[in-house]
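Close look at the chain arrangement
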Amino acid sequence: MSADSTPSVLLIGYQDQDNLGLRYLLSSVRQAGFAGRIETYTADPEPIVALAERLRPDVIGFSLIFQYMSPAFARVIEALRAAGCRSHVTIGGHYPSFDPEEVLHRIPGANSVVRFEGERTLVELMQRLGRGEGWRGVAGIAHRHGDEVVLNPLRPVLDDLDLLPLPDRSDIDYRRQELPMASVLGSRGCPWDCSFCSIRPFYEAQGGKLRRLRSPAAVVEEMRQLHFEQGAEMFLFQDDDFMATGRRARRWAEDIASGIIAAGLKGRIAFKISCRSDEVHYDTMARLAEAGLTHVYMGVENGDDQGLANMNKRMKASAHLEAGEVLRSLDMSFDFGFMLLEPYSTIEIVRNNIAFLDSYVGDGWTVAGFCRTLPYAGTPLKTQLEAEGRMLGTPFEPDYNFLDPKLDRFYDWMLLTFYERNFTNSGLNEVLRRLNFDARLKLPNRRNFRPSERAKVQRITAECNGHALYCLRSALDYIETTPVDEIDIRGGYLAKLTVHEKMQERRLLAELGAVDAARFEWRQFLESDQEFRSLGGFANAWTLAPQDLPVAG
Amino acid sequence: MAGSLESRLGNLEELCIIIIIIILGGGRGPGHGGPSDSVTADTSRMEALRRILPPGVIPDPFSPDIARLSLEAIEARLLQVNAELTRLRSHEAELNTRLKELRGSKTK
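Residues numbered from 1 in each chain as written. Chains lettered and ligands numbered in written order. Predicted model: local features only at pLDDT ≥ 70, side-chain atom pairs only at ≥ 80, totals over all residues.

**Quick notes on the overall build of chain B**
Secondary structure assignment for chain B yields three helices and zero strands. In chain B, the succession of α and β elements from N to C terminus is α-α-α. Within the span of chain B, comprising 108 residues, buried residues form 5% of the whole. (Helix = DSSP H or I, 4+ residues; strand = E, 2+ residues; numbered from the N terminus. Buried ≥ 20, exposed ≤ 12 C-beta atoms within 10 Å, placed from the backbone.)

In structure tokens form, the structure reads like this:
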């Protein structure tokens, strides 16, 4: 129990993009009369142990977003227990929700797992602990009983999201950020059943609607408060899919746009959304652009119709191209997720994907990033691969082989060659993502990019894409015509391709340094008195903590 | 055979001399002493040629005989060619954007 006897919770997780999951939890426990605070997760247990010793919270809640981070979280929890921490330790998030047995088995210091939507479960857990009652009956948790893990019945989802208190952002000072950037959630859930995604199973587990929308008025009011009272200028909508559920969603989105304009926010703020490319409709996007939408993230995933069918995306690749044209016509920046390889890929599909990337972003409008699909917990893909006996790796780090062994060699080469480019914070992919995001931002009192500067960024991005796609194509051609046991990814032609790609990346990164330097000199010509923010506003828009980018894929 | 080669070299030499005469007015550029030939010192043509090929421009190298290139050499050359093509294509796009921008601002 904390010093003032009010039951308290210490919530620990990444604070990237505000971590709205933790902030909704915090506002819910505070609304219920408990004390609480959020602390950033660190791989080094020492600061967390010291804080826990000082605060002595009743509950410590870990937000475990990334499956592969489970062992690191386990080490922190182990250190807490070793230091004599007697708080109730619980873990929540996508992965623990789907795999509580594994989590509780591998993390013996944890008492429970809060499964799926956690606000009301955590409140009830704290109420029972506060009253000194047994907590094992709380709906929605998993806990140990001897060697067994007990999964309590799940509680139904909260139908009306407007009943939730707004996320607690009391400790965030947006005005101190170079580009004050707040995260907002307008909805929860997604009705699509893509094979690689666990969002639908996550919300489906508790029943209820597959996508719940907050009222546009409530969303706009939250934005209005964040802007006028806390200084936020850029809003990142964290909705799983901002435009999902067809006409209803378009009307909803347009109502939000109208609300933003009516609230006097037009021209004062910018915002970003995520959606599928077949949900990009010109009229809706134009209305959103009028209200301040400048960036769209799209789950493109594959550029081949068979590849899309393998992923159960229920769409054609042509929709991606059309969406790209719509967003270009509205002068918006966009970026996208792309899985060049998936468990059912063939060489032909991969070749088509490379050709698709060329036609999609060969002009350098945005940077072409690429990875392979991973069978995360809770996804239909994982179930499918398990049924086929193809799951490899560990529960925390799942793996598989491709059906064509040549694609395993291709993927190994791809990882070796593009690891820095695609998966590190200082890699060309990330640097260009930030630049392209910034290049089309339009905010008042800020130095926005000139057309010639945008053209330069686009030229460098086109080069970056061109070199990468050439190397991918050349490697695939080589691997296709070479017997699998003669493919040497560290020597011969493939090694030359690797060196070539890395040399081009280094040259372009050096040139981007020149862009920076040039922009620095141009500051003296600025008319505005505002301090010109440095490049990289999009760094805050990553869904991953910088230290996790390398391994996130 | 030798005679034929000699004859070809002779023709080539003759051609070079004619070209030099046309362009430089007999091989004597300004400052070489003596009055220049007013008929062959065609300065306007020289200016025109200079505009086409400004000083310092390096012409395209001769294409090597690819039949004699090894697999490795072709692979390496292809990497160079593609890198250059990628650079040039994206540079062309950047220039076109700037051109449109400038022409657009001119018409305003």
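Back to the write-up after that little detour.
**Some details on the domain arrangement of chain A**
Residues and elements named next belong to chain A. Domain boundaries in chain A define domain 1 (8-151) and domain 2 (173-228 + 244-544). Centre-to-centre separation of domain 1 and domain 2, based on C-alpha positions: 31 Å. Counting from both sides, the interface comprises 16 residues of domain 1 and, opposite them, 18 residues of domain 2. When contributions to the side of domain 1 that touches domain 2 are tallied by element, the ones reaching two or more residues are α3 (70-82) and α4 (94-98). (Domains from an automatic or database assignment. Contact = placed C-beta atoms within 7 Å.)

**Here's the deal with the sheet that holds strand β2 (residues 35-40) of chain A**
In a beta sheet, neighbouring strands are held together by backbone hydrogen bonds and run either parallel or antiparallel to one another. Residues and elements named next belong to chain A. Here seven strands make up an open sheet; going across it, the order is β2-β1-β3-β4-β5-β6-β7 and the pairing mixed. The sheet terminates laterally at β2 and β7 (148-151), the two strands that pair on one side only. Adjacent strand axes in the sheet meet at a mean angle of 25° when their direction is disregarded. Where strand β3 (residues 59-63) and strand β4 (residues 88-92) come together, five bridges link them in parallel fashion. (Pairing = 2+ DSSP bridges. Axes fitted to C-alpha atoms, helices over the stretch in contact; angles between N-to-C directions.)

**Observations regarding the environment of Ala35(A)**
Position of Ala35(A) relative to the elements: it lies in strand β2. For the pair formed by Ala35(A) and Asp278(A), sequence separation is 243 residues and the distance between their alpha carbons is 44 Å.

**Concerning the pairing of strand β1 (residues 8-13) of chain A**
Residue and element names in this part refer to chain A. In terms of residue burial, β1 counts as a mostly covered element, since six of its six residues are buried. Side chains of β1 alternate between two faces, with Ser8, Leu10 and Ile12 and Val9, Leu11 and Gly13 buried alike. Where β1 lies against β2, six bridges are found, and the strand directions are parallel. Within the sheet, the bridge partner assigned to isoleucine 12 lies in β2 and is glutamate 39. Of the pairings in the sheet, the one linking β1 to β3 comprises four bridges and is parallel in character. Bridge pairing links leucine 11 to glycine 61 in β3.

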